[in-house]
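Below, each chain spelled out in residue letters.
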Amino acid sequence: MKSQLTKSTRVSIIKIDISVEKEEELMTGSKKERTREGILDAAYVLFARDGFSKITMKDICEASGLSRGGLYSHFGSTREVFEAILIKINQKDEMNFAGEMAEGIPATIILDRALKLMRYEMEHAEDSLSLAMYEYACTCDADQMDHFNKIGEKKWTDLIEYGKARGEFNEVETAEIVNVILYAYQGVRMWSRIVSMTPEVFETVINHIRKQLVKEQ
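Residues numbered from 1 in each chain as written. Predicted model: local features only at pLDDT ≥ 70, side-chain atom pairs only at ≥ 80, totals over all residues. Heavy atoms only, no water.

(A) Looking closely at the state of the cysteines. Using the criterion set out here, one finds 0 disulfides in the structure. Its sulfur unpaired, Cys138 is 9.9 Å from the next cysteine sulfur, which belongs to Cys140. (Disulfide = S-S within 2.5 Å.)

What follows is the structure, given as structure tokens:
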């Protein structure tokens, strides 16, 4: 006699099948995401070292250890890879001002974290994408760079206004300070690849920004 499955048993089997399928999808998605992050990390090193124009998809294949097909399943061009890196940079936890402000974290703490990251990046010119950004803007899409720049402007504007509203920051001209932060910082990063700079230069930039913003106790 054939065994009969009850309705509840059939439902349980279906649920198990769906759960296994979802788990496999999650594992596949997780592996795909890890591969994508590996590509971006490997490509970042290349772009920082050689700029944007010199790098080819073949270079990224070799650096990431992927086959040509494997790389193209994630990105269709070096431009797509570079733009993904720019998006990732703009989403750094250290620069997630909106999330930290929403949690009510003091403006001075948010600022000091950001300045610490900026100082590190100025000191490590070999990790700078300044040259690659310039080449990308000249050869691909200056409007895209303008878009990312506006994101940076808004982040810093919101933080400064937040600090002023909490009474932690001086009543500075916000747009003026934002310009100093963005362009002095990027300028130093670019020039530090060309001329030798001492730690005092980086310290001067960071201290100037902090002095302009933070109220004396």
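(B) Spotlight on the environment of Asp50. For Asp50, the position within the fold is in helix H1 (residues 7-50). Taking the C-alpha atoms as reference, Asp50 lies 8.3 Å from Leu131; in sequence the two are 81 residues apart. If sequence neighbours within four positions are ignored, Asp50 has contacts with Ile55 and Glu135. In this structure the side chain of Asp50 is engaged in a polar contact, spanning 2.9 Å, whose partner is the side chain of Arg49. (Helix = DSSP H or I, 4+ residues; strand = E, 2+ residues; numbered from the N terminus. Contact = heavy atoms within 4.5 Å. Polar contact = N/O pair within 3.5 Å; in protein donor to acceptor, adjacent residues only side chain to side chain.)

(C) Examining the nonpolar core more closely. Among the nonpolar cores identified, the biggest contains 30 residues, and Phe97, Met118, Trp156, Leu159, Ile181 and Leu213 are the most heavily contacted of them. Mapped by element, the contributors of at least two residues to this core are helix H5 (97-102), helix H6 (107-123), helix H8 (142-165), helix H9 (174-191) and helix H10 (199-213). Per-element accounting of this core gives the leading share, 8 residues, to H6. Not counting residues up to four positions away in its chain, the partners in contact with Ile181 are Met118, Trp156, Ile160, Ile209 and Leu213. Core analysis: the second largest hydrophobic core is formed by 24 residues, Ala43, Phe52, Leu71 and Leu86 among them. (Core = buried A, V, L, I, M, F, W, Y, C linked by side-chain atoms within 4.5 Å. Buried < 20%, exposed > 50% of the residue type's maximum accessible area, 1.4 Å probe, protein only.)

(D) Representation of the packing of aromatic side chains. For the structure shown, the criterion picks out 6 aromatic pairs. Ring geometry for Phe52 and Tyr136: centres 5.6 Å apart, planes at 90 degrees, overall edge-to-face. Of this pair, Phe52 sits in the loop between H1 and helix H2 (57-64) while Tyr136 sits in helix H7 (residues 130-139); the two residues are 84 residues apart in sequence, bridging distant segments of the chain. On the accessibility criterion, Phe52 (6% relative accessible area) is buried. Each residue in the set Phe47, Phe52, Phe82 and Tyr136 is aromatic and connected to the rest through ring pairs, giving one cluster. (Phe/Tyr/Trp six-rings, centres within 6.5 Å; stacked < 30°, edge-to-face > 60°.)

(E) Fine view of H8. When the terminal C-alpha atoms of H8 are compared, their 34 Å separation across 24 residues agrees well with the 34 Å that a helix rising 1.5 Å per residue should span. All of the buried residues in H8 are Met145, Phe148, Gly152, Lys155, Trp156, Leu159, Ile160, Tyr162, Gly163 and Lys164. Residues of H8 that are buried sit in contact with helix H4 (78-90), H5, H6, H7, H9 and H10. Directly beyond the C-terminal end of H8, a positive phi value near 80 degrees is found at Gly167. (Expected span 1.5 Å × (residues − 1).)

(F) Representation of the packing of H9 against H10. The contact between H9 and H10 brings their axes to 11 Å, and the two run at 175 degrees. When the axis of H9 is compared with that of H10, the two are roughly antiparallel. Counting all contacts with H9, which are made through Ile177, Val180, Ile181 and Val188, the residues of H10 involved are Phe202, Val205, His208, Ile209, Gln212 and Leu213. Here the residues of the contact of H9 with H10 are counted per class, giving 8 nonpolar, 2 polar and no charged. (Axes fitted to C-alpha atoms, helices over the stretch in contact; angles between N-to-C directions. Parallel < 35°, antiparallel > 145°, perpendicular 65-115°, else oblique. Nonpolar A, V, L, I, M, F, W, Y, C, P; charged D, E, K, R; others polar.)

(G) Representation of the confidence of the model for the protein chain in the model. Looking at the protein chain, the pLDDT average stands at 84 and 85% of residues meet or exceed 70. The element-level mean pLDDT for the protein chain is lowest in H1, coming to 70, with H2 highest at 95. Low confidence marks residues 22-27, where pLDDT is under 50. Its contacts with residues over four positions away, or in another chain, come to 0 contacts. (pLDDT = per-residue confidence, 0-100.)

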